[in-house]
Amino acid sequence: MNNSYATQTSRGRLRQRLIRPLEPALQALLLAPAPEGFRIGGTIKTIEQLREHLQTAIELEHSTIPVYLTTLYTLDERKNQFACQAIQGVAMEEMLHMIQVCNILNAVGGSPAINKPDFIPKYPTPLPHSDDAFLVSLQKFSPDAIDTFLKIEMPAGKCAPPEANHYATIGQFYHAIRIALVELDAHNRLHGGPGIFTGDPARQVLPEHYYGGGGKLLPVHELQDALLGIEEIVGQGEGVDGTIIDTDSVLFGQDVEYAHYFRFNEVKHGRRYRPDDNAKYPPTGPAVEVDWQAAADMAPNPKMADYPEGSPVWKQTREFNRIYTSLLDQLHIACNGQPASLSGAIPIMYQLKYQAQALLNLPNGRGGRAGPSFEYIA
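About the cut-offs
Residues numbered from 1 in each chain as written. Predicted model: local features only at pLDDT ≥ 70, side-chain atom pairs only at ≥ 80, totals over all residues. Heavy atoms only, no water. Helix = DSSP H or I, 4+ residues; strand = E, 2+ residues; numbered from the N terminus. Buried < 20%, exposed > 50% of the residue type's maximum accessible area, 1.4 Å probe, protein only. Contact = heavy atoms within 4.5 Å. Areas by Shrake-Rupley, 256 points an atom, 1.4 Å probe, with all protein chains shown as cover. Axes fitted to C-alpha atoms, helices over the stretch in contact; angles between N-to-C directions. Parallel < 35°, antiparallel > 145°, perpendicular 65-115°, else oblique. Left-handed = near helix turned anticlockwise from the far one by under 90°. Nonpolar A, V, L, I, M, F, W, Y, C, P; charged D, E, K, R; others polar. Phe/Tyr/Trp six-rings, centres within 6.5 Å; stacked < 30°, edge-to-face > 60°. Core = buried A, V, L, I, M, F, W, Y, C linked by side-chain atoms within 4.5 Å. Salt bridge = Lys/Arg side-chain N within 4 Å of Asp/Glu carboxyl O. Patch = residues over 30% accessible without salt bridge, like charges linked within 9 Å, V, L, I, M, F, W, Y side chains within 5 Å. Expected span 1.5 Å × (residues − 1). pLDDT = per-residue confidence, 0-100.

1. Section: the overall build of the chain
Along the backbone of the chain there are 11 helices and 0 strands. N-terminal to C-terminal, the α/β element order of the chain is α-α-α-α-α-α-α-α-α-α-α. Looking at the chain as a whole, 53% of its 378 residues qualify as buried. Counted over contacts in the chain with a minimum sequence separation of 6, partners at least 24 positions apart contribute 70%. In the form shown here, the chain has an accessible surface area of approximately 16,400 Å², with 51% of it arising from carbon and sulfur atoms.

2. Observations concerning the packing of helix α3 (residues 47-74) against helix α6 (residues 170-190)
Relative placement of two packed helices is described by the angle separating their axes and the distance separating the axes. Viewed as axis vectors pointing N to C, α3 and α6 meet at an angle of 150 degrees, and their least axial separation amounts to 11 Å. When the axes of α3 and α6 are compared, the pair comes out roughly antiparallel. In terms of crossing hand, the pair formed by α3 and α6 is left-handed. In this structure, α3 contributes I47, L50, H53, L54, T56, A57, L60 and E61 to the contact, and α6 contributes I170, F173, Y174, I177, A180, L181 and L184. Split into classes, the residues belonging to the contact of α3 with α6 amount to 12 nonpolar, 2 polar and 1 charged.

3. Quick notes on the packing of aromatic side chains
Inspection of every chain in the model, using the stated rule, returns 12 aromatic pairs. Ring geometry for F262 and Y273: centres 5.7 Å apart, planes at 85 degrees, overall edge-to-face. One end of the pair, F262, is in helix α9 (residues 260-269); the other, Y273, is in the loop between α9 and α10 (312-334), and 11 residues separate them in sequence. Of the two residues, F262 and Y273, both sit in the buried class.

4. Overview of the nonpolar core
One broad trend across soluble globular proteins is that nonpolar side chains are buried collectively. Core analysis: the largest hydrophobic core is formed by 101 residues, its most contacted members being L50, Y68, I87, Y174, I177, L181 and F197. Top contributing element to this core by residue count: helix α4 (residues 81-107), with 16 residues. Those residues in contact with L181 that sit more than four places away from it in its chain are L50, I104, V108, I196, F197, L223, A226 and I230.

5. Quick word on unusual backbone geometry
Geometrically, the link from Y123 to P124 is a cis peptide bond, its omega value of 0 degrees lying close to zero. Within the secondary structure layout, P124 lies in the loop between α4 and α5 (143-152). In this structure, H129 is a non-glycine residue whose phi angle is positive, near 65 degrees. Mapped onto the secondary structure, H129 falls in the loop between α4 and α5. Overall, H129 belongs to the partly exposed group, its relative accessible area being 39%.

6. Description of the side chain of T125
Along the chain, T125 falls in the loop between α4 and α5. Aside from chain neighbours lying at most four places away, what touches T125 is F134, L135 and V136.

7. Observations concerning the pattern of salt bridges
A complete count under the given rule lists 11 salt bridges for this structure. Linking R263 and E93 is a salt bridge whose minimum nitrogen-to-oxygen distance equals 2.8 Å. Of this pair, R263 sits in helix α9 while E93 sits in helix α4, placing them 170 residues apart in sequence. The class of R263 is buried, set by a relative accessible area of 8%. With relative accessibility at 2%, the residue E93 sits in the buried group. Shared partners join several salt bridges into a network, and the residues in it are E93, E257 and R263.

8. Topic: the environment of L223
Among the secondary structure elements, L223 is positioned in helix α7 (residues 223-238). As for L223 and I196, which are separated by 27 residues in sequence, their C-alpha atoms are 8.5 Å apart.

9. Thoughts on a nonpolar patch on the surface
A surface patch of nonpolar side chains, about 330 Å² in accessible area, is lined by I346, Y350 and Y354. Inspection of the secondary structure puts Y350 in helix α11 (residues 345-360).

10. Topic: the packing of α3 against α11
Remark: α3 packs on α11, axes separated minimally by 10 Å, with the N-to-C direction vectors making an angle of 60 degrees. By the angle between their directions, the pair α3 and α11 is classed as oblique. The handedness of the crossing between α3 and α11 is right-handed. Between α3 and α11, the contacting residues are L69, Y73 and T74 on the first element and L352, K353, A356 and L360 on the second. For the contact of α3 with α11, the per-class residue count stands at 5 nonpolar, 1 polar and 1 charged.

11. Re the side chain of N321
Looking at the secondary structure, you find N321 in helix α10. Of the residues examined, N321 reaches a relative accessible area of 0% and is grouped as buried. With near-sequence residues (within four places) excluded, N321 lies in contact with M304, S373, F374, E375 and I377.

12. Brief notes about α3
End to end, α3 covers 42 Å across 28 residues, agreeing with the expected 40 Å (1.5 Å per residue, within 8%). For α3, the buried fraction is high: 24 of the 28 residues fall into the buried class.

13. Considering the confidence of the model for the chain
One rule of thumb: low pLDDT means the predicted coordinates there are not for detailed reading. Residues with a pLDDT of 70 or more make up 85% of the chain, whose mean pLDDT is 88. Low pLDDT (under 50) marks residues 1-21, which in the prediction has 36 contacts with non-local residues, meaning those over four places away or in another chain.

Put into structure tokens, the structure is as follows:
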């Protein structure tokens, strides 16, 4: 079969099923008023709990960004062009995911908290609210780093239950949030309310505000907007409906692009996927160059406390952390009522990269290189 035809056919099928099937009772709630006596059955039972879990989702999306950026910064871009493009693309999409969840939280009357001291995890760390099955670290480009990336982006199995806490995959966590959005909105309407989407529309970060690539940012004003936003987040990470294709190519008609898990799997195997490859098997396309040795020898999980206070490497590390904290400040402002200010994050991102590169040129005093530590600076 012609690959182009196969891809178009696959897109058509996936587009029809883009919003994943919910339990039959929840499907009915999307199409008709909630039945009398309707009870919330999911594990997230109140609007306050929903807001807490959406804040956790923001922290979850953010927790992967320092991990991906650190590995990206250590790469020799000339010798690892393919891996560089893959990791950079995923990092930008994680930033979009974080802002997308902020839009959902704002839409249900919450307030994203991005610049608080405990927002940045202390690496190595499990993913927030996960089952703690593995740790994520700040580490140089290596097979171990890519294996960790694959664990982060692992697709949920078809029978995997929704899990608001102690999830094994990110898809399970978001499935629990999707159920809560549907149930709580229906419950509120059943009792004479306007639904749960009562947040100020002016707090929404719009596509024209978002400075980076990596997909389409969706404003959230009603339930279907929120479900579509979550579907893009999950589909970009693990693929749509058991395929290797991400949501952008299905929903927005963009060029075929593969979900995060499969982009990282291409790096692992040093080979591209073909559009009709099976998601259960390694890629079968042309080989790509991956040079595992072409990376700065950064010690994993560096900390400011590793260096004598006032030393050159301590000062450089502190300056990196000051810049990253200012980036979080800028994102916090943008997602809390001043969305146009998001453009102010652009120069900060460049400063962050240059400061990381400066750190990677410094010895850490123990035979390796220093590196970004991603710690909060008040």
